[in-house]
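Secondary and tertiary structure notes
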Amino acid sequence: MPSTWAQTPPDEESILRPLTAKEWRQIEKAALEVGDEESADAAAVAAARAESAITPYLIPTATKQAAKAALRYARGAIPKPIRPYTDKILEALDNANAWTEAALTASFMSAGIPPDVSQQAAWWLTNIVV
């Protein structure tokens, strides 16, 4: 089966890594295709940040929107252990007051996600927008 932009080689599926500028541009495109301009804008900011040699300031709201856009539109780019919980993670993010790794881990565990996956998801979400 041919690989698409959102699929990673099987040996890399479980690696927690930031998304690339190319992946953010694909998320932006997918969001625009369904008319989600807020997510598209957040993905565009994240793409610009990933493309830049100088790391610009990214406001927390844009980070949150970019992370949610990635969860909605790039499920194949999400690390394999996290994928089954994408919908629960999105719901928990809407209710999360703090975007620290510890706060997100606790929020995900409250949503019924196993502790190890909660921690991996929290780490990934706090580090995907580099």
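Residues numbered from 1 in each chain as written. Predicted model: local features only at pLDDT ≥ 70, side-chain atom pairs only at ≥ 80, totals over all residues. Heavy atoms only, no water.

**Section: the packing of helix α5 (residues 101–110) against helix α6 (residues 115–127)**
Axis separation between α5 and α6 bottoms out at 8 Å; the angle between their running directions is 140°. With respect to α6, the axis of α5 lies oblique. Crossing of α5 over α6 shows right-handed handedness. Note on element contacts: α6 touches α5 through P115, S118, Q119, A121, A122, W123, L125 and T126, opposite E101, L104, T105, F108 and M109. Counted by class, the contact of α5 with α6 contains eight nonpolar, four polar and one charged residues. (Axes fitted to C-alpha atoms, helices over the stretch in contact; angles between N-to-C directions. Helix = DSSP H or I, 4+ residues; strand = E, 2+ residues; numbered from the N terminus. Parallel < 35°, antiparallel > 145°, perpendicular 65-115°, else oblique. Left-handed = near helix turned anticlockwise from the far one by under 90°. Contact = heavy atoms within 4.5 Å. Nonpolar A, V, L, I, M, F, W, Y, C, P; charged D, E, K, R; others polar.)

**A word on the nonpolar core**
If you look at the biggest cluster of nonpolar residues, it comprises 34 residues, and the most contacted ones within it are W24, I27, I89, F108 and L125. Among the secondary structure elements, those contributing two or more residues to this core are α1 (21–33), α2 (37–51), α3 (60–73), α4 (86–95), α5 and α6. The residues contacting F108, other than those within four sequence positions of it, are I89, A92, L93, I113, S118, A121, A122 and L125. (Core = buried A, V, L, I, M, F, W, Y, C linked by side-chain atoms within 4.5 Å. Buried < 20%, exposed > 50% of the residue type's maximum accessible area, 1.4 Å probe, protein only.)

**A short note on the environment of T61**
In this fold, T61 is placed in helix α3. A residue is classified by how much of its surface remains accessible, and T61, at 54% relative accessible area, is exposed. C-alpha separation for the pair T61 and A42, spaced 19 residues apart in sequence, amounts to 8.6 Å.

**A look at the side chain of T105**
Within the secondary structure layout, T105 lies in helix α5. On the basis of relative accessibility, which here comes to 14%, the residue T105 falls in the buried class. In this structure the side chain of T105 is engaged in a polar contact, spanning 2.8 Å, whose partner is the backbone oxygen of E101. Those residues within four positions of T105 in sequence are excluded, and the remaining contacts are S118, Q119 and A122. (Polar contact = N/O pair within 3.5 Å; in protein donor to acceptor, adjacent residues only side chain to side chain.)

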